[in-house]
Amino acid sequence: MNVGTIDRALRAIVGLVIISLVFIGPHTPWGWLGVVPLATAAFGFCPAYRLLGMNTCPIAKR
């Protein structure tokens, strides 16, 4: 895990807002990109954070 609690909550909210654009608003398939932040929130892991060496998770590494 490399995504902290607040980061996960924000990712979930942003993901749901972007996905809602498919149903409300411009009705474009680009809204399905909201699945990416939603999935990273669900799994608690962000591949981009790994590549950049970032970690917002408060749990100490073992």
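Remember, it's a predicted structure, so these values are computed and weren't measured experimentally. (Residues numbered from 1 in each chain as written. Predicted model: local features only at pLDDT ≥ 70, side-chain atom pairs only at ≥ 80, totals over all residues. Heavy atoms only, no water.)

1. Quick notes on the pattern of salt bridges
It is possible for side chains bearing opposite charge to pair when their charged atoms get close.
Thought 1: Tallied over the full model, the rule gives one salt bridge.
Thought 2: Its salt-bridge partner being D7, residue R11 comes within 3.1 Å of it at the nearest N-O pair. Residue R11 and its partner D7 are both found in helix 1 (residues 5-23); the two are separated by four residues, about one turn of the helix.
Thought 3: Residue classification places D7 among the buried residues on the basis of a relative accessible area of 16%. (Salt bridge = Lys/Arg side-chain N within 4 Å of Asp/Glu carboxyl O. Helix = DSSP H or I, 4+ residues; strand = E, 2+ residues; numbered from the N terminus. Buried < 20%, exposed > 50% of the residue type's maximum accessible area, 1.4 Å probe, protein only.)

2. Here we look at the side chain of N2
Thought 1: Counting through the fold element by element, N2 comes out in the segment before helix 1.
Thought 2: Setting aside its immediate chain neighbours within four residues, N2 contacts G44, F45, C46, Y49, R50, M54, N55, T56 and C57. (Contact = heavy atoms within 4.5 Å.)

3. Considerations on the environment of F23
Thought 1: Examined against the element boundaries, F23 turns out to sit in helix 1.
Thought 2: Judged by its relative accessible area of 53%, F23 is exposed.
Thought 3: Along the backbone, F23 and I59 are 36 residues apart, and their C-alpha atoms lie at a distance of 37 Å.

4. Examining a nonpolar patch on the surface
Thought 1: Side chains of F23, I24, W32 and V35 sit close together on the surface and give an oily, nonpolar patch of about 440 Å² of accessible area.
Thought 2: Position of V35 among the secondary structure elements: in helix 2 (residues 35-43).
Thought 3: By relative accessible area, which is 40% here, V35 ends up partly exposed. (Patch = residues over 30% accessible without salt bridge, like charges linked within 9 Å, V, L, I, M, F, W, Y side chains within 5 Å. Areas by Shrake-Rupley, 256 points an atom, 1.4 Å probe, with all protein chains shown as cover.)

5. What to know about unusual backbone geometry
Thought 1: You will see that H27, though not glycine, has its phi angle at about 55 degrees, which is positive.
Thought 2: Considering the arrangement of structural elements, one finds H27 in the loop between helix 1 and helix 2.
Thought 3: A residue is classified by how much of its surface remains accessible, and H27, at 52% relative accessible area, is exposed.

It is worth stressing that arrangement in space is one thing and function is another; only the former is reported here.
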